[in-house]
Amino acid sequence: MTTALDHPRKTWRDRVFGRPTRPYIHPYLGGLLLGLVLFAAFFITGNGLGASGGLNRVIVFFEDIIAPAHIDRVPYLLKMAGGALNPLDDWVVPLVVGTLVGGFASGWFSGRLQLETNKGPHITRRTRWLMAFIGGSLMGYGARMARGCTSGQALSGGAVLSVGSWAFMFAVFAGAYALAYFVRRLWN
Amino acid sequence: MPFPLPLETLVSKPVMFLIFGVIGFAFGFVLESAGFGNSRKLAAQFYFQDMTVLKVMFGAIVTAMVLLFIAVRLGILDFSLVWVNPTYLASGILGGLIMGVGFIIGGFCPGTSLVAMATRKIDGAFFVLGVLFGIFVFGETVEYFYDWWNNAGYLGRLTIPEWLDLPVGVVVVAVVLMALFMFWVAEKLEQRYGGRDLSKEPRWRRYAAVGLVTFAVSVIVIGMPTTQEKYARVAAVKDAALANREVQINPGELLDTVANDTLRVVMIDVRPEAEFNQFHIAGSQNVPLAQISSILPEVHARQAVNTVFVLMSNDEVAATDAWKTFQAESVTNAYILEGGINEWLSTFGEEEGDIAQVALPSGDDSLCFSFPAALGDRYAAADPSPHEWTLDYTPKVKLEVKRDKSGGGCG
């Protein structure tokens, strides 16, 4: 005879967040699969991948609601949201939404949806959050200056052999390696 | 079906967005599966403990690159329609350095932080907020260095093979070999600093390396299609358009098109420089027919929904040759000036006393007018006022709807 205790009913929370954790896939397999996705993007649409461009359009969308007159004075913003243009009406927006959903799906599939903060052992969570915000701000600023982030410049431009994208890629690695020693307390 | 697909005209907008959504889904899924939602794993790259970032990034780049150029060489993918990030050396390098600093402080890049946030990593969510803030600040400050940002080190659509003047296949093989060498170094570093046991690494990675090199070498072997071969593929349609005079625009239409503020007209005069110096239409640029291929990268970089290219010679012969090159290389919105400069001068030059017609158009593309001096565009007929001329013509400029690729992506 079975009782309810033998088979504790799984709540939806367990089904989503309590799945057993699988290991990450092998980096070379990850590279191969990411390469196939990137190739498919180019092959079908002519465009590569992107992330910061989509976030850019989200920001401009809200700016356009709050201060439409301001948009009309700045040529950089005007190109995305001037007049009747809707900044969200661009292919990179569904791409970013898809990235979020895909990341969640993979996290669900592999049991990696734990609410947590990944940080080095010697800093507090608050420090980590602050550093994440500061690092993110630099990333966002640099990505727009370079006209693309790791996805849109390094990956996409790298695969089609754009000279600027390769220069950019080496600059990113140079910047990170140059500073890594000085911020090692953040991570190790 | 030629790839990439013209999605704007082929499917409705919701379907197009769905396609990009599916690509995004795969992108996010793979990023998370590779461990890119974990900031510690990403940061370990810069302490040589775990080189996953390098392996996945360069693995993806070489995989996509090899497949892409094989597809191009087999003629199923049109490289001119593939978005190549234009090169802005100064802003690209400075922006890259800033991003590198942000990477090691914040532990993510924008794409990976999205995946981290989606898997409920709080540091990922703070990073995304930071990215949004940084983007906002950029939008508000870019006006102070707008000229520098748009011009410093600008080289347009430039690929490494063009830059080094090497065959594409050679560069592809070199990049693959460089990536394999970097993987080998990365594994040695992981062994030393990350304590990784290389004997436990899967053997298939060696076979994958061999396969990659084989594919890369095949890019050299297959060879790149020439402009003539590319034109042969579209000749049936394009020759019919020429014969039906669908792409030869009347001088009056050119005048009105230039005057139309919503359009950007790029006039390319393909005559020899000496004739160009005698007389040319104001605003046109001289690219002798023999050099027409050299401006294709610039033309591709300037392609946009509202840009019209008009090719011209004395009559139409050289302009038609140039137009065929443009068609072979998938330049959209390209037209020929009907009757060329001769027709233009017959239309607008009648009140210009100095310019005399010395011959009748004979169809051999020679100049039928003589000029007192090589004054270029300093004749009234070089820059007629659209308000003074009302000409009857059949409008032929039809803008082909193309996504303005430069507006999207990370660009």
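See the structure above.
A.B. asks: Looking at this model, I keep getting lost on the overall build of chain A. Mind explaining?
C.D. replies: Looking only at helices and strands, chain A has 10 helices and zero strands in total. Tracing chain A from N to C terminus, the helices and strands come up as α-α-α-α-α-α-α-α-α-α. The C-alpha atoms of chain A give a radius of gyration of 21 Å, which is well past the 16 Å a tight globule of 188 residues would have. Expressed as lengths along the three principal axes of its C-alpha atoms, the size of chain A is roughly 75 × 45 × 40 Å.

A.B. asks: Can you help me understand the overall build of chain B in this one?
C.D. replies: Across its full length, chain B holds 17 helices and nine strands. For chain B, the spread of C-alpha atoms along the three principal axes comes to 85 × 50 × 40 Å. At a minimum sequence separation of 6, the contacts of chain B that also span at least 24 residues come to 73%.

A.B. asks: When you look at the packing of helix α9 (residues 163–180) of chain A against helix α5 (residues 89–106) of chain B in this model, what are you seeing that I'm missing?
C.D. replies: Angle between the axes and distance between the axes are the two parameters that describe a pair of packed helices. At a closest axis distance of 7 Å, the pairing of α9 of chain A and α5 of chain B adopts a crossing angle of 35°. Seen along the crossing, α9 of chain A lies across α5 of chain B with a hand that is right-handed. Contacts from Gly164, Ala167, Phe168, Ala171, Val172, Phe173, Ala174, Gly175, Ala176, Leu179 and Ala180 of chain A in α9 of chain A reach Leu89, Gly92, Ile93, Gly96, Leu97, Ile98, Met99, Gly100, Val101, Phe103 and Ile104 of chain B in α5 of chain B. For the contact of α9 of chain A with α5 of chain B, the class distribution of residues is 17 nonpolar, five polar and no charged.

A.B. asks: Is there a simple way to explain the interface of chain A and chain B in this structure?
C.D. replies: How big an interface is tends to be stated in terms of accessible area lost as the parts join. Contacts between the two partners involve 116 residues from chain A, matched on the other side by 115 residues from chain B. Put simply, the parts of the chain that give the side of chain A that touches chain B at least two residues each are α2 (27–45), α3 (52–66), α5 (75–81), α6 (92–109), α7 (125–145), α8 (150–159), α9 and α10 (184–187) of chain A. Residue contributions to the side of chain A that touches chain B peak at 18 residues, all from α2 of chain A. Of the residues contributing to the side of chain A that touches chain B, the split by class is 67 nonpolar, 40 polar and nine charged.

A.B. asks: It is not clear to me how the pairing of strand β7 (residues 334–337) of chain B should be interpreted in this structure. Could you clarify?
C.D. replies: Regular strands have side chains that alternate between both faces of the sheet. Residue and element names in this part refer to chain B. Residue alternation in β7 divides its side chains into two sets, Ala334 and Ile336 and Tyr335 and Leu337, and both sets are buried. With two bridges joining them, strand β3 (residues 248–249) and β7 adopt parallel strand pairing. Along β7, the bridge assignment pairs glutamine 248 with isoleucine 336. As defined by bridge partners, strand β6 (residues 307–312) adjoins β7 across three bridges and the pair is classed as parallel. For leucine 311, the partnering residue across the bridge sits in β7 and is isoleucine 336. For the segment spanning β6, helix α16 (residues 317–328) and β7, crossover handedness is right-handed.

A.B. asks: When you look at helix α4 (residues 52–73) of chain B in this model, what are you seeing that I'm missing?
C.D. replies: In an α-helix there are 3.6 residues to a turn, and that puts residues three or four apart on one side. Between its first and last C-alpha atoms α4 of chain B spans 31 Å; for 22 residues at 1.5 Å apiece the expected length is 32 Å, and the two agree. Judged by how many residues are buried, α4 of chain B sits mostly within the fold: 19 of 22 residues are covered.

A.B. asks: It is not clear to me how the sheet that holds β6 of chain B should be interpreted in this structure. Could you clarify?
C.D. replies: Strand pairing in a sheet relies on backbone hydrogen bonds, with the paired strands running either antiparallel or parallel. Residues and elements named next belong to chain B. The sheet built from five strands is open, its strands ordered β3-β7-β6-β4-β5 with parallel pairing. Edge positions in the open sheet fall to β3 and β5 (285–286), since each of these has one partner strand only. Summarising the sheet, strand β4 (residues 264–269) and β5 pair through two bridges and their orientation is parallel. If you follow aspartate 269 over to β5, its bridge partner there is asparagine 286.

Calculation notes
Residue positions are given per chain, counting from 1 as you read along its sequence in written order. Chain letters start at A and ligand numbers start at 1, both assigned in the order the entries are written. Whole-chain, interface and lining totals are the exception, using all residues; otherwise, since this is a predicted model, local features are given only for residues with pLDDT of at least 70 and side-chain atom pairs are given and counted only at 80 or more. The way it works is that DSSP assigns letters per residue, a run of H or I at least four long becomes a helix, a run of E at least two long becomes a strand, and they are numbered from the N terminus. Note on method: radius of gyration uses C-alpha positions; expected globular size equals 2.2 Å times residues raised to 0.38. The contact criterion used is a C-beta to C-beta distance within 7 Å, with each C-beta placed from the backbone. To obtain each axis, a line is fitted to C-alpha atoms, and for helices this fit is confined to the stretch in contact; angles are then taken between N-to-C directions over 0 to 180 degrees. Throughout, a crossing is termed right-handed when the near helix is turned clockwise from the far one, and left-handed when it is turned anticlockwise from it by less than a right angle. Each residue is assigned to one class: nonpolar for Ala, Val, Leu, Ile, Met, Phe, Trp, Tyr, Cys and Pro, charged for Asp, Glu, Lys and Arg, and polar for all the others, Gly among them. Exposure is read from a count of other C-beta atoms within 10 Å of each residue's own; the residue is exposed at 12 or fewer, buried at 20 or more and partly exposed in between. C-beta atoms are placed from the backbone. A strand pair is defined by DSSP finding two or more bridges across the two strands. Classification remark: right-handed applies to a crossover when, strands pointing away from the viewer, the course from the first strand over the helix to the second runs clockwise. To estimate how far a helix should extend, the number of its residues minus one is multiplied by 1.5 Å.

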